[in-house]
Amino acid sequence: MSIRIGTGFDVHAFGDGDHLMLGGVRVPHERGVLAHSDGDVVLHALCDAILGALALGDIGRHFPPGEPRWKDADSRDFLRHCDALLRERGWRVGNCDVTVIGERPKVGPHAEAMREAIAADLGIEVEAVSVKATTTETLGFTGRGEGIAAQAACLLVRA
């Protein structure tokens, strides 16, 4: 098969802090997230999509949340690790699409910087990376402002 598709999802509850890491970008916000690493839901969902396409399990298998070495880890390192795994196996990312789910913060002003960071870490063109956002119309935990989520899809093609 010359293509593979993977999907990913991640969620974090809000906690103390003054920013969120989203797509490798520091986004000012009145809250942080409760997480062992930096809690970047965009990159965690994208890692899960890549790992899923490779049939290599999930992000927790590769970066166990209870392991001290991953405390406050930069999720861009996770994404680079996933990129190395796919390249070692003869794949590259054809394109990826991420949706941030939450009422706040607004993603639009930061989407281009996220696309650029993701493209740089995956060694692909910015045009192959989509980052967008949606709300849940005030429904559920994201609608109540209790946390943030992201879902991702990733197409792998033979290198």
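Residues numbered from 1 in each chain as written. Predicted model: local features only at pLDDT ≥ 70, side-chain atom pairs only at ≥ 80, totals over all residues. Heavy atoms only, no water.

Across its full length, the protein chain holds five helices and seven strands. The order of α-helices and β-strands along the protein chain, N terminus first, is β-β-β-β-α-α-α-β-α-β-α-β. Computed over C-alpha atoms, the radius of gyration of the protein chain comes to 15 Å, within 12% of the 15 Å expected from 2.2 N^0.38 for 159 residues, which places it in the range of a compact globule. Taken along its principal axes, the extent of the C-alpha atoms in the protein chain is 45 × 35 × 25 Å. Long-range contacts, defined here as pairs at least 24 residues apart, represent 70% of the contacts in the protein chain between residues at least 6 apart. With the model as given, the accessible surface of the protein chain reaches about 7600 Å², and the carbon-plus-sulfur share is 53%. (Helix = DSSP H or I, 4+ residues; strand = E, 2+ residues; numbered from the N terminus. Rg over C-alpha atoms; globule rule 2.2 N^0.38 Å. Contact = heavy atoms within 4.5 Å. Areas by Shrake-Rupley, 256 points an atom, 1.4 Å probe, with all protein chains shown as cover.)

On to the packing of helix α3 (residues 75-88) against helix α4 (residues 111-122), then. Two numbers describe how α3 lies on α4: the axes approach to 9 Å, and their chain directions differ by 40°. Comparing their axes, α4 and α3 come out oblique. Crossing hand, α3 versus α4: right-handed. Contact residues: α3 offers R76, L79, R80, D83 and R87, while α4 offers A117, I118, A120, D121 and L122. Its residues assigned to classes, the contact of α3 with α4 shows five nonpolar, no polar and five charged. (Axes fitted to C-alpha atoms, helices over the stretch in contact; angles between N-to-C directions. Parallel < 35°, antiparallel > 145°, perpendicular 65-115°, else oblique. Left-handed = near helix turned anticlockwise from the far one by under 90°. Nonpolar A, V, L, I, M, F, W, Y, C, P; charged D, E, K, R; others polar.)

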